[in-house]
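The residues making up each chain are set out below.
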Amino acid sequence: MIKIIDSTLCMLNDYPLTKEQIKCFISFVGNVGIKDLQINPLIYEMLEGELPEGFVYYLELGTMTYMRGNYPIDDKIKYYFTPKRSTLPNEIETHQLNDITEPTDFHIDNRLIKIVGLDSLLLNGCDGAVIWFQKKIPVKTTILCPENTYHCATATALLFLEQKGYGVVTTFSGIGNKAATEQIIMALHVSERYMNNKLFPDFANIKIWLEEIVGIKIPSFAPVIGDRIFHVESGVHVDGIMKKPANYEPYPPEEVGLKRKVILGKYSGKNSVMIKLQKLGYNEYTEKDAEKLLKIIKQKSVLEGTAVSDSEFTKIVEGYDCHEKTTKNS
Amino acid sequence: MKKPLKIVDTTLRDGEQCPGIIFSPENKVKLALALDKIGFYEIEVGIYDRKTEGKEFLREIMERRKNSKISLWARLIPNDVMEAAKQKPDLIHIAAPVSYVQIYSKLNKNKQWVEKALIQCMEIADNFDVPITLGFEDCSRADTGFMIRLAYLAESLGVKTIRLADTVGIFTPTKAGKLIKELKSKTSLPIETHEHNDFGMAVANSLEMAVLGAEFIDCTLFGIGERAGNCNLYDFVHAAEMRFDTGIEKRDILEVQKLFLQTVHKDVRSLL
């Protein structure tokens, strides 16, 4: 069983969240197949204890909160992520390991533990990482929360799941320097047929939700959730995609709530122009016209240093109509 | 001592294929010369296409660069290779589709066609005396047996390097590593990696392949490229520098990134 515990909500302590916003997020993550959620006392408080049904909750506790014991005890919370010392059966010790040279002599007697960090685990290769997993930690009872200092967190989480690790802790867009939930889901979905028949249009909603809360736009080319990742300009790629999208797409854009779009620019080919003409309702143009239009598009895009938008293209077509087409007819 | 690792920049080729990012010939020269200063082994400056950007920019880059090799990208089409060869770059990269999906549904050809076309392209390269690096396009969905056969053929034809292009970005470190190990055990051709970041693993995959013996790593500034982009240069150097000597300093990358941002259209800046 692959267990992905999303902890996005725990990364948002600095942003004012309302009860409705939290519920909205939880319903979106439920729709993308996440069943395990890490929350903290603040989120619990904001929800006034009304934890939505259908999820397994893990409550993350800071050292002071744990020592003082002033945190919610609730049947709906299955586990508590505690600082190193844990006593009750539903408490899971958390160990920060920044480096694989740090000692791992945990005394946990078949209980679950959580390991956070391991930023540099993959820097010396996966073979070494796998040996470390096998020799140094109880893989089957470990929940791993890899951190992303070296942009290897998603890969580390996947490797751990490949090694039959108990579970991983991730966040959407990797916020808080973690592995990205959406990247792991899609990597497993595409390569391992994980949730094979499922679609994930709610990734797009989660992205918008996160942008609104944090007030920062997620880059347009962010894996899985960037709004432009299925835009395509290169003529070679457009041709390939028109023949069969799988030629140049790892998965159909609709699966993650995005759309494919042909962009006109320097690297466009004749086919891109034909596609655009038809899409905008200009049906009477020949390939010869498309070639001439392409020349204008390439010049314009190089001159301005950016793509030619649909409205600019319409103007180009109309200008072309006045000159070229009339001369052809006359 | 740290192991040397050669970095190939493809900002001006695959990076420019990122929709909306377009360099004028002048800006290409400016960026290529800035990249030339900071320690790349090779700079891939574009796809030779007379109609799109002419050849003046290439001539100027070739004349003024001091350190890096300058390469052009070409399809596995004899005429494309000929046109590129006439420009006399230091290297030509030929992209050969190797997955069945690309060979059959994109090109409507078969495996024999790929081998035949490679032989023809290599004859031309030979005549012009231009070294060739060969891309295994879409290697992450391809049959390893076919790739090994093609690598043997490539080696016999004088190809210098095999570039493993994870065209749709579906490699994981484990899968990428498996392919490298397999190829390394069967051929002695040097290996170059070309990752895409569709699942956010371009850096980890490239690094894993370097650890297992890949000698050349393709990167772009800001990781720009098709879809979710390529391997981010800064992030890669940051991850690799403990073990490898890439010859590139992070602060120099930041400087070139600044120049890049000044160069590109303002709309592009907001996308990164």
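Residues numbered from 1 in each chain as written. Chains lettered and ligands numbered in written order. Predicted model: local features only at pLDDT ≥ 70, side-chain atom pairs only at ≥ 80, totals over all residues.

S.K.: A description of the environment of Leu272(B) should follow, citing residues and the corresponding values.
M.R.: Summarising the element assignment, Leu272(B) is placed in the segment after helix H13 (266–269). Residue classification places Leu272(B) among the partly exposed positions, given that 18 C-beta atoms sit within 10 Å. For the pair formed by Leu272(B) and Lys109(B), sequence separation is 163 residues and the distance between their alpha carbons is 38 Å. Beyond its immediate stretch of four places on either side in the chain, Leu272(B) contacts Pro219(A) and Phe222(B). (Helix = DSSP H or I, 4+ residues; strand = E, 2+ residues; numbered from the N terminus. Buried ≥ 20, exposed ≤ 12 C-beta atoms within 10 Å, placed from the backbone. Contact = placed C-beta atoms within 7 Å.)

S.K.: Please provide a residue-by-residue account of the pairing of strand S5 (residues 91–97) of chain B, values included.
M.R.: Residue and element names in this part refer to chain B. Judged by how many residues are buried, S5 sits mostly within the fold: seven of seven residues are covered. Side-chain alternation along S5 places Leu91, His93, Ala95 and Pro97 on one buried face and Ile92, Ile94 and Ala96 on a second face that is also buried. Alignment of strand S4 (residues 69–75) against S5, held across five bridges, turns out to be parallel. Considered in S5, the bridge of Leu72 is made with Ile92. Crossover handedness for the path S4 to helix H5 (residues 78–86) to S5: right-handed. Across six bridges, the pairing between S5 and strand S6 (residues 132–137) is parallel. From the neighbouring strand, Ala95 faces S6, where its bridge partner is Gly135. (Pairing = 2+ DSSP bridges. Right-handed = clockwise from strand over helix to strand, strands pointing away.)

S.K.: Give a description of helix H8 (residues 235–243) of chain A that names residues and reports values.
M.R.: Buried residues of H8(A): Gly235(A), His237(A), Val238(A), Gly240(A) and Ile241(A), and no others. Contacts from the buried residues of H8(A) go to strand S9 (231–232), strand S10 (261–262) and helix H9 (270–279) of chain A together with helix H6 (100–106) of chain B.

S.K.: An account of unusual backbone geometry is requested, with residue identities and associated values reported.
M.R.: The phi angle at Leu118(A) is positive, at roughly 55°, despite the residue not being glycine. On the secondary structure map, Leu118(A) appears in the loop between strand S6 (113–117) and helix H4 (126–136). The backbone of Asn108(B) shows a phi angle near 60°, a positive value even though the residue is not glycine. Positionally, Asn108(B) belongs in the loop between H6 and helix H7 (111–128).

S.K.: Give me the interface of chain B and chain A: which residues, what numbers.
M.R.: Taken together, the 47 residues of chain B in the interface contact 52 residues of chain A. Every element with two or more residues in the side of chain B that touches chain A is listed here: helix H3 (50–53), H6, helix H9 (173–186), helix H10 (202–211), helix H11 (233–240) and H13 of chain B. If one sorts the elements of the side of chain B that touches chain A by residue count, H10(B) sits on top with five residues. Residue classes in the side of chain B that touches chain A are distributed as 22 nonpolar, 16 polar and nine charged. (Nonpolar A, V, L, I, M, F, W, Y, C, P; charged D, E, K, R; others polar.)

S.K.: Describe H4(A), with residues and values.
M.R.: Within H4(A), the full set of buried residues consists of Cys126(A), Ala129(A) and Phe133(A). Looking straight down H4(A), one finds its buried side chains confined to an arc of 60°; they lie on one side. In H4(A), the exposed positions angled more than 90 degrees off the buried face are occupied by Ile131(A), Gln134(A) and Lys135(A). Check the buried side of H4(A) and you find it contacts helix H5 (153–162) of chain A together with H9 and H10 of chain B. (Arc of directions from axis to C-beta.)

S.K.: Outline the domain arrangement of chain A, supporting the account with residue identities and numerical values.
M.R.: All names here are of chain A. For chain A, the domain assignment lists domain 1 (4–214) and domain 2 (231–329). Computed from C-alpha atoms alone, the centre-to-centre distance between domain 1 and domain 2 is 43 Å. Each side of the interface is counted separately: domain 1 has eight residues, and domain 2 has six residues. For the side of domain 1 that touches domain 2, the secondary structure elements donating two or more residues are helix H6 (181–192) and helix H7 (202–214). Considering every element that reaches the side of domain 1 that touches domain 2, the biggest residue donor is H7, with three residues. When the residues that make up the side of domain 1 that touches domain 2 are grouped by side-chain class, the tally is seven nonpolar, no polar and one charged. (Domains from an automatic or database assignment.)

S.K.: Lay out the UniProt feature "domain: Pyruvate carboxyltransferase" (unreviewed entry) in chain B in plain terms, naming residues and giving numbers.
M.R.: Annotation from UniProt places "domain: Pyruvate carboxyltransferase" (unreviewed entry) at residues 5–254 of chain B. Helix makes up 46% of residues 5–254 of chain B and strand 18%, and the two end C-alpha atoms of the span are 20 Å apart. (UniProt positions renumbered as here; feature names shortened; annotations may be inferred.)

S.K.: For the packing of helix H2 (residues 25–37) of chain B against helix H12 (residues 250–263) of chain B, give the residues involved together with the corresponding values.
M.R.: All names here are of chain B. With their axes 10 Å apart at the nearest point, H2 and H12 run at an angle of 175° to one another. When the interaxial angle is binned, H2 and H12 end up roughly antiparallel. Contacts between H2 and H12 involve Asn27, Lys30, Leu31, Ala34 and Leu35 from the first element and Val256, Leu259, Phe260 and Thr263 from the second. For the contact of H2 with H12, the residue count by class is six nonpolar, two polar and one charged. (Axes fitted to C-alpha atoms, helices over the stretch in contact; angles between N-to-C directions. Parallel < 35°, antiparallel > 145°, perpendicular 65-115°, else oblique.)

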